[in-house]
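Observations on chain architecture
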Amino acid sequence: MRLLRAILLTLSVFSLYAVAQDASDVPKHRHEYQSDVARLRKIVINSLYSHREVFLRELISNANDALEKLRLTSLTEPETLSGAENMNITIKAEKEEDGTAKIIIRDTGIGMAPEELANNLGTLAKSGTSEFLSKAESDTSGNGNLIGAFGVGFYSSFLVADRVQVASIAAKSSKNPNPEQYVFSSGADENSFEIYPDPRGNTLGRGTEITLFLKSDALEYVDTHMISDLVDKHSSFSTSFPIYMHTTRTEMVPDEEAEAEAKATEAAKKAKETENPDLDDDEAVVEEVDEEEVEEKREPVLKPVTVEEWIQLNSQPPIWMRDPKDVTDEEYEAFYQVTFKDYQKPLAWYHFAGDSGSGVSFRSIIYVPSRLDDSYWQNPLQSVTKDIRLLVKRVFITSNLGEDALPKWANWVKVVVDAEDLPLNVSRETLQSTAFLKQLKGIILKRLLQLLSRIQEQDPEKWEQVQETFGNVFKLGAVEDFKNRERLSTLVRFPTNQRNSTSLDEYLENKKQGQSQIFYLADMGKSPSELAKSVFIEKLHARGYEVLLLGDPLDEVFITNIRRWKKIPFQDVAKGGLKFGDEELDPEEEKEEQARLTEKYKPLIEWLRKEIREKGVARDVVISNRLVTSSCAIVADESGYTANLEKLISSSHAQANHKHMWEFAKKQKVLEINPRSPLIEGLLKRIEQLPAEDEERDVEAEDELREVATVLVDGALVRSGFAVTDSNDFFTRVDRILRRSLGVSEHAPTDTTVKPAPPVDPELPADADLPEPEEFANGHGQVSWEVEEIDEFGNVIKDVPVDKKHHDEL
């Protein structure tokens, strides 16, 4: 056996030597690049492509061209299909023991004769695709998918390879019945190339094999995971022909030789035991043992075996090329999750074909995801469209639409667009200036709005999910997208004091007779249930008017930008000048009653007006027509800021640039009092009991009234959403009132004894002047953490450092 192995090894060495001798003896024809071509070739290799990973995309596209040419040619010349059974593209990565690596890309396409190798690969942008199409009479089959520019695409291989060898054999034809296999060879730094007969003979049968000898800094591309990701990104739909990649994996299989040796050893052991003369026959115990049971008890001996297999990388067809009626929901969902790397299913999608208006036909699928990225609201001014996959003839081109990117409100949409033809730059990485991109932006927005409107009308349950996720996005869109403002506004929903959700159109359907305004109340951060209890809508609610309750920061921004809906203006019920719309229908008795109350409470109004103006709380006091149960409220004047608007302006620091206007608008408030409130009636009586101006003043009574009025006004500020002028004074007064109600002396001192601080110690640590050590120097650092080991009842057993824990689950 050993002698046979030695003979085989010797024969292998001699055969390799003979092949080497044959290769060296093959006549090689060296061709010099023309000077202009050589210069342009260097530009292609060094400057044309911004990402060198596109080399694989280019070579796969060229392989697809060759297969398409073969398919179309075979319609008139069936003999071209001989030589190779299947029409496919294969990729194989090999890493040598010396650290070098190569990638072999093969197709079973039309192949090239030696003169075609020189013309197509020795000249940039000379693939023959244009010439072939003219001969094919503009592809009468209608199924051609030829991309072109073979020369430029081929030279992208030098982005990652020091040397490239192309072995090719043309398909049999009437003009070339006996083709031969030739090799094109060139280096990245050479100004010439060689073409010679392949010393291996006809190993391909038909087609082309490109071998890339990778550069030392491009060895990452030999990783099969990297190749799979690149094909998935750029070329998973670029060809209708299968793309296979060679992979290896290790499996544990039974070792038959070791198993036979184990059985032989066991049999010998048993034979030895039976021949043992020291064993007394009387003491011997004979047991019958089933040999099958012994086999089951003994664990089989395994050995690692390397298994080679070809896996298909583009097994999923481009579903956007199919009729929507033939695509199932499961296929749409699976395609979305694979393409956009989302573990959740989409909420909805829209599959359509169209024409841009500039002569570019395309097919597309628009997806509405089930969630927004966490980063969406973290950068409110940043609008980056990253999930539009623009393809040209199934080849991925870009996700960056540049100036024609979608607006912020729509940049979350997931879109696949496949155009039949677009003007690309020579590297095919970016689009040239074209009207199609501007048209594409409008088409996507139009179709997205159609999809959302359809969900709104046909699927209420799904529409609730859309509102929960994108409700605020629609408000943002109505603010920033003037062209689509009206359509976006129809998608907006608000809670009210009468129902959980309503559109603006539904609100108008419910408005009262004579109502000429859309009532709303905004207070950022408050829930609808809290807003429904606001003092500002007491009478509106009691009378049956519907009020929009706005608690999101974008709500009032939306309202102030829209201003009116169907020519009906919005009315902030937290501002003065509230009109119900039926004032002209009020009987004369009600108007006379309002005038009588104003005259009755004139002493209180004048006294309160003096007090609030001195403190700068408000500018006036009036009898309220909006309060029912509350005693009073602070209302923003028509030219002033509501509490919610003050919060918005404060959070944006806009008041710093307009300080004087800010101070003026803050004072434009009105104190409205409820004449039917017992508290207000009691306050009026106390005011009327004060001495007249010509009588001696009752300072104690005035101070008590002033304190009561101050607490009343401060409480109105708080209930109306404003901040009190001085919170310390406010709570001091509340403290005094509580003391009185509990019978505690107002002047009883509080024990203020506290432990004093230690003596002054100016001494600093010895290393205080030393620089702080860098926690992560040069991007490296040590991170450690601890975990708790618990039992089945959740009790901590022991704290174990992760680096010392050996559980498989970690």
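Refer to the structure printed above.
Each value, and the rule that gives it
- Residues numbered from 1 in each chain as written.
- Predicted model: local features only at pLDDT ≥ 70, side-chain atom pairs only at ≥ 80, totals over all residues.
- Heavy atoms only, no water.
- Pairing = 2+ DSSP bridges.
- Helix = DSSP H or I, 4+ residues; strand = E, 2+ residues; numbered from the N terminus.
- Axes fitted to C-alpha atoms, helices over the stretch in contact; angles between N-to-C directions.
- Expected span 1.5 Å × (residues − 1).
- Buried < 20%, exposed > 50% of the residue type's maximum accessible area, 1.4 Å probe, protein only.
- Contact = heavy atoms within 4.5 Å.
- Salt bridge = Lys/Arg side-chain N within 4 Å of Asp/Glu carboxyl O.
- Polar contact = N/O pair within 3.5 Å; in protein donor to acceptor, adjacent residues only side chain to side chain.
- Phe/Tyr/Trp six-rings, centres within 6.5 Å; stacked < 30°, edge-to-face > 60°.
- Lys NZ or Arg CZ within 6 Å of the ring centre and 35° of its normal.
- Parallel < 35°, antiparallel > 145°, perpendicular 65-115°, else oblique.
- Left-handed = near helix turned anticlockwise from the far one by under 90°.
- Nonpolar A, V, L, I, M, F, W, Y, C, P; charged D, E, K, R; others polar.

**Observations regarding the sheet that holds strand 11 (residues 361–368)**
Judged by pairing direction, the sheet is mixed, and its five strands sit side by side in the order 10-11-14-12-13 without closing on themselves. The sheet is open, and its two edges are formed by strand 10 (348–355) and strand 13 (395–398), each paired on a single side. If you compare each strand with its neighbour and ignore which way they point, the axes differ by 20° on average. Of the pairings in the sheet, the one linking strand 11 to strand 14 (residues 414–419) comprises six bridges and is antiparallel in character.

**With respect to helix 19 (residues 602–615)**
Since one α-helical turn is 3.6 residues long, residues separated by three or four positions face the same way. For helix 19, with 14 residues, the first-to-last C-alpha span of 20 Å sits near the 20 Å given by 1.5 Å per residue. Residues L604, I605, W607, L608, E611 and I612 constitute the buried set of helix 19. Those residues of helix 19 hidden inside the fold are in contact with helix 18 (588–600), strand 19 (620–623), strand 21 (669–673), helix 22 (678–688) and helix 23 (699–719). Following helix 19 by one or two positions, G616 adopts a phi angle in the positive range, close to 70°.

**Things to note about the pattern of salt bridges**
This model, assessed by the stated rule, comprises 33 salt bridges. The salt bridge partner of K102 is E94, with a shortest N-O separation of 3.6 Å. Taking the relative accessible area as the measure of exposure, E94 reaches 22% and is therefore partly exposed. With a shortest N-O distance of 3.6 Å, D342 and R371 are connected by a salt bridge. Placement of the pair is D342 in the loop between helix 10 (329–340) and strand 10 and R371 in the loop between strand 11 and strand 12 (388–392), with a sequence separation of 29 residues. What makes D342 buried here is its relative accessible area of 7%. Bridged by salt links that share partners, the residues E707, R736, R740 and E746 form one connected network.

**Thoughts on the side chain of D342**
In terms of polar contacts, D342 uses its side chain to reach the backbone amide nitrogen of Q344, at 3.0 Å. In contact with D342, other than residues within four places in its own chain, are Y336, Q337 and R371.

**Points about unusual backbone geometry**
Positive phi, normally seen in glycine, also occurs at R563, with a value near 70°. Look at K566: it is not a glycine, yet its phi comes out positive at around 55°. Examined against the element boundaries, K566 turns out to sit in the loop between strand 17 (564–565) and strand 18 (568–572).

**Observations concerning the packing of aromatic side chains**
Scanning the entire structure with this criterion turns up 21 aromatic pairs. Seen from their ring centres, Y336 and F340 are 5.6 Å apart, and the 45° between their planes marks the pair as tilted. You can see Y336 and its partner F340 sitting in helix 10, four residues apart, about one turn around the helix. The residues Y336 and F340 share a single accessibility class, namely buried. Among the aromatic residues, those joined into a cluster by ring pairs are W320, Y332, F335, Y336, F340, W349 and Y367. Geometry around F352 places R447 over its ring, the cationic atom sitting 4.4 Å from the centre. The ring of Y350 is capped by R454, whose NZ or CZ atom sits 4.9 Å from the centre of that ring.

**Thoughts on the packing of helix 12 (residues 460–480) against helix 17 (residues 553–562)**
Running from N to C, helix 12 and helix 17 point in directions that differ by 30°, and their axes come no closer than 9 Å. When the axis of helix 12 is compared with that of helix 17, the two are roughly parallel. For helix 12 against helix 17, the interelement crossing comes out left-handed. Side by side, helix 12 and helix 17 meet where N472, K475, L476, A478 and V479 of the first sit next to L554, D555, V557, F558, N561 and I562 of the second. Considering only residue class, the contact of helix 12 with helix 17 consists of seven nonpolar, two polar and two charged.

**Quick word on the sheet that holds strand 8 (residues 243–254)**
Taken in spatial order, the nine strands of this open sheet run 1-6-5-4-7-3-2-8-9, and their pairing is mixed. Lying at the two open borders of the sheet, with one neighbouring strand each, are strand 1 (29–32) and strand 9 (302–312). Across the sheet, the mean angle from the axis of one strand to that of its neighbour is 20°, orientation sign disregarded. In this sheet, strand 8 lies alongside strand 2 (residues 89–95) in parallel orientation, the contact comprising three bridges. For I91, the partnering residue across the bridge sits in strand 8 and is M245. Helix-sheet contacts for helix 4 (residues 114–121) involve strand 4 (161–169), strand 5 (182–187) and strand 6 (192–197), and the interaxial angle to strand 5 is about 30°. Here helix 7 (residues 224–235) sits on the sheet in contact with strand 2 and strand 8, set at roughly 145° to strand 8.

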